[in-house]
Amino acid sequence: MIKPNLSKEEKKLVRQSSRRTLSMSASFNFEKMQALGFLYAMLPYINHYHKSKEKRIEAYQREWTLFNTTPTCGPYITGTAGSLEKRAAEDPDFDPSMIETTKASLMGPMASFGDHLFWGTLRLVSLTVGIILALQGSILGALMHILIFNIPATLVRYYGGIVGFSEGTAFMGRAAESGVIDFVKKAATILALLMAGVLASRIVRLEIPYSFSFFGETTTLQGLLNQVFPGLLPLLMVLGAFALVKKGVQTYWVLLAILAVSLAGAYFGFLA
Amino acid sequence: MSLLQAVLLTVVVLVLGWAEMWFAFPMICSPLVLGPVVGLILGDPVTGVLCGAACQIFFLASVGLGGTTPPDGNTGAVLGTAFAIAMGQGPEVAVVIGILASYIGQFFFYLSTQLKSGDNRKIERYIREGNDKALIRLHWRSALLPMLPGAAANFILLYFGTMFIGGWGAYIPDWVITGIHVAIGIVGALSIAQFLRMIWSKELAVYFFLGFLLSAFLHIAPIGVLALGLVLVYFLYQREQRDKAQAALEPSSAAGEEDLFND
């Protein structure tokens, strides 16, 4: 899938720029968003390929435009823009305005892909493992959360830069055609849904200490439920909450309602 | 909390917050991690871990997508955990204080982002001058300096706040703690629901139920379910490749079109 054909010098440049995309969001502001962070990551390419000061200033100007994407996907875009800066420096017929349009056309899809993959799915996977370990009082929870999240993120960052520089937008075309992007999205969603199911069975709890006599034995409603279908109540609660959220109910009010009911339940003893 | 502990805590949280932004959100500044950090500094790591987990469940689905600013659960977790430990309490108190503190954190995050907007005119000038060294300096400065007001607020709340209400822990009635404990269990459902909204699709929903069954009935640990999931995904990938190879072999009209475009 990935067949980079880069010189040693180019590899160094890509690595340098990819490393700088880490801090893409660090100087985020509402007007230009990650513009300065993007320019910061582009400086190695620009200063390497453009020798005259005028050319450099032109390049700084076109790389400092409104920009916003998932930082983990940043290296692919800086890599692509970097290879175009190289063409702009070597080919006098090349229209540099193409760099801006390419950048702008990549940041949206990459942000939606990256937000879905990293903030929506991978984060849920690493958090599930982490939270459940932490609920047992183990510090391993925090460590697993960090590890599970960062290993894939680092790989995407590393190969993103190489692929961006060596293939540019052609890679996206190829990946879309072969269906690999759709498959990655699907695979990530499957893993996240599995973990959401695990979370539902582990962190959601509601105990109703209502006891009654059942075939001569004193039992609680909870105990009976657990015998028939362990975790039925949590599952129904999650599905109910999902229906509420999907309807667009303000979660703030739901939170307050939950708090009020819980406090009342604890005060009068019908919840524990 | 001693002055030394408050200073240390403020500095560590500031560094973690900075590193979270500077290293593309490596998750080192999430409640799950901040809880134990606060616990270690205040000498009660286990309570820290538990408080961090409870806060994480509460703030599970609060992420800023596309540049929005949600209530800052990270600040919430730090102050919540610190106050809970100072008051001799547990996750219940951490969550309540964490919710209040998350709005303070949100304000300071918003403020820091506003402060950075002032840089744009300077950036324009440096670009016109072709001064890349100054641009780099500005990027570095802009990553750290606007976080200082929030850190100062953290310090004041940590040091004087715990001094002021540290002794109140004994006056909280038991039913309040029980009530919040119940609420945390229910809120988990809401957090998961918010996550589900991001990833739910009719076609794949069955995997949510599969994960639930594997955990509730077979008691497989989360990491085990994750490993099973990876195997499953690999299996699906293989099947997809095989289907594609078969489709390419069949001399249908669709395959013919593909050949046309493949040169």
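Source: prediction; values computed, not measured. (Residues numbered from 1 in each chain as written. Chains lettered and ligands numbered in written order. Predicted model: local features only at pLDDT ≥ 70, side-chain atom pairs only at ≥ 80, totals over all residues. Heavy atoms only, no water.)

**So, the overall build of chain B**
Put simply, the test is: Numbering of helices and strands runs from the N terminus; a helix is a DSSP stretch of H or I covering at least four residues, while a strand is a stretch of E covering at least two. Computation of the radius of gyration draws on C-alpha atoms alone. For the globule rule, the value is 2.2 Å times the number of residues to the power 0.38.
When you go through chain B residue by residue, the secondary structure sums to 12 helices and zero strands. Going residue by residue from the N terminus, the α and β elements of chain B occur as α-α-α-α-α-α-α-α-α-α-α-α. In terms of overall size, chain B is more extended than a compact globule, its C-alpha atoms giving a radius of gyration of 25 Å where 263 residues would be expected to give roughly 18 Å. Seen along its three principal axes, the alpha-carbon backbone of chain B occupies a region of about 80 × 65 × 25 Å.

**Some details on the domain arrangement of chain A**
Which entries qualify depends on this criterion: Residue ranges for the domains trace back to a domain assignment, done automatically or taken from a database.
The assigned domain composition of chain A is domain 1 (8-199) and domain 2 (207-268). Each of domain 1 of chain A and domain 2 of chain A has a C-alpha centre, and these two points are 43 Å apart.

**Some points on the domain arrangement of chain B**
We note that the domain assignment places domain 1 (3-200) and domain 2 (201-256) within chain B. Each of domain 1 of chain B and domain 2 of chain B has a C-alpha centre, and the two are 37 Å apart.

**So, the interface of chain B and chain A**
What counts, and what does not: Should any heavy atoms of two residues lie within 4.5 Å, those residues are counted as being in contact. In short, buried area is how much 1.4 Å probe accessible area vanishes from two parts on joining, totalled over both. Whenever a carboxyl oxygen of Asp or Glu lies within 4 Å of a side-chain nitrogen of Lys or Arg, that contact is scored as a salt bridge. For this analysis, a polar contact is any N or O atom pair within 3.5 Å, provided that within protein one partner can donate a hydrogen and the other can accept it, and provided that sequence-adjacent residues contribute only side-chain to side-chain pairs. Only Asp, Glu, Lys and Arg are considered charged in this grouping, and only Ala, Val, Leu, Ile, Met, Phe, Trp, Tyr, Cys and Pro are considered nonpolar; every other residue, Gly among them, is considered polar.
Taken together, the 98 residues of chain B in the interface contact 97 residues of chain A. Both sides together, the interface formed by chain B and chain A hides about 9100 Å², and carbon and sulfur atoms give 78% of it. Contact with chain A buries surface across chain B, with B:His139, B:Ile199 and B:Phe212 losing the most and accounting together for 8% of the total. Joining chain B to chain A, the criterion identifies zero salt bridges. The tally of links between chain B and chain A comes to 20 residue pairs in polar contact (both at pLDDT 80 or more). Residue contributions to the side of chain B that touches chain A peak at 23 residues, all from helix H9 (residues 174-199) of chain B. Each residue belonging to the side of chain B that touches chain A can be placed in one class, and the counts come to 66 nonpolar, 23 polar and nine charged.

**Things to note about H9(B)**
All names here are of chain B. This is how the line gets drawn: Expected helix span is computed as 1.5 Å times (number of residues minus one). Values of bend correspond, residue by residue, to the angle between axes fitted over the seven residues ending at that residue and the seven starting there. The buried label applies to any residue whose accessible area, calculated with a 1.4 Å probe on protein chains only, is under 20% of its type's maximum; exposed applies above 50%, and partly exposed to all values in between.
For H9, with 26 residues, the first-to-last C-alpha span of 39 Å sits near the 38 Å given by 1.5 Å per residue. In the structure, H9 departs most strongly from a straight axis at Ile 186, where the bend amounts to approximately 25 degrees. Counted residue by residue, H9 has 19 buried out of 26 residues, so it is predominantly covered.

**Describing the environment of A:Ala257**
Positionally, A:Ala257 belongs in helix H11 (residues 251-268). In the structure, A:Ala257 is positioned 113 residues away from A:Met144 in sequence and 34 Å away in space, judged by C-alpha atoms.

**Some words on the packing of aromatic side chains**
The criterion, for reference: The criterion for an aromatic pair is that two Phe, Tyr or Trp rings (for Trp, the six-membered ring) have centres within 6.5 Å, with stacked assigned to planes under 30 degrees apart, edge-to-face to planes over 60 apart and tilted to the rest. Sitting over a ring, as applied to charges here, requires NZ of Lys or CZ of Arg to be within 6 Å of the ring centre and within 35 degrees of the ring normal.
Under the definition given, this model contains 24 aromatic pairs over all chains. On the basis of an interplanar angle of 55 degrees and a centroid distance of 5.8 Å, the ring pair of B:Phe164 and B:Trp168 is categorised as tilted. Judged by its relative accessible area of 45%, B:Trp168 falls in the partly exposed class. Among the aromatic residues, those joined into a ring-pair cluster are A:Tyr40, B:Trp18, B:Trp22, B:Phe23 and B:Trp140. Its end group placed over the ring of A:Tyr40, A:Arg20 keeps NZ or CZ at 4.5 Å from the ring centre.

**Focus: the nonpolar core**
To keep things clear, this is the line we draw: For this analysis, a nonpolar core means a set of buried residues of the types Ala, Val, Leu, Ile, Met, Phe, Trp, Tyr and Cys, connected via side-chain atoms within 4.5 Å.
Counting 95 residues, the largest nonpolar core has A:Val238, B:Ile192, B:Leu196 and B:Phe208 as its most contacted members. Per-element tally for this core: the top contributor is H9(B), with 15 residues. Those residues in contact with A:Val238 that lie beyond four places of it in its chain are A:Ala200, A:Val204, B:Ala189, B:Ile192, B:Ala193, B:Leu196 and B:Phe208. Counting 55 residues, the second-largest nonpolar core is a separate cluster that includes A:Leu43, A:Leu84, A:Ala175 and B:Ala134.

**Some points on the pairing of strand E2 (residues 217-220) of chain A**
Residues and elements named next belong to chain A. Note the cut-off: Here a strand pair is declared whenever DSSP counts at least two bridges between the two strands.
Relative to E2, strand E1 (residues 211-214) runs antiparallel, the two being bridged by four bridges. The partner of Ser 213 across the bridge, within E2, is Thr 218. In this structure, the hairpin formed by E1 and E2 is closed by a connection of two residues, where Phe 215 is found at a positive phi of approximately 50 degrees.

**Topic: the pattern of salt bridges**
All names here are of chain A. Summed over the entire model, instances satisfying the criterion amount to six salt bridges over all chains. A salt bridge links Lys 86 to Glu 10, with the shortest nitrogen-to-oxygen separation between them at 2.7 Å. With Lys 86 in helix H4 (residues 74-90) and Glu 10 in helix H1 (residues 8-21), this pair connects stretches of sequence that are 76 residues apart. Taking relative accessible area as the criterion, Lys 86 reaches 22% and is therefore assigned partly exposed. One salt bridge connects Glu 167 with Arg 174, and the closest N-O pair in it is separated by 2.9 Å. Its relative accessible area of 29% is what places Arg 174 among the partly exposed residues.

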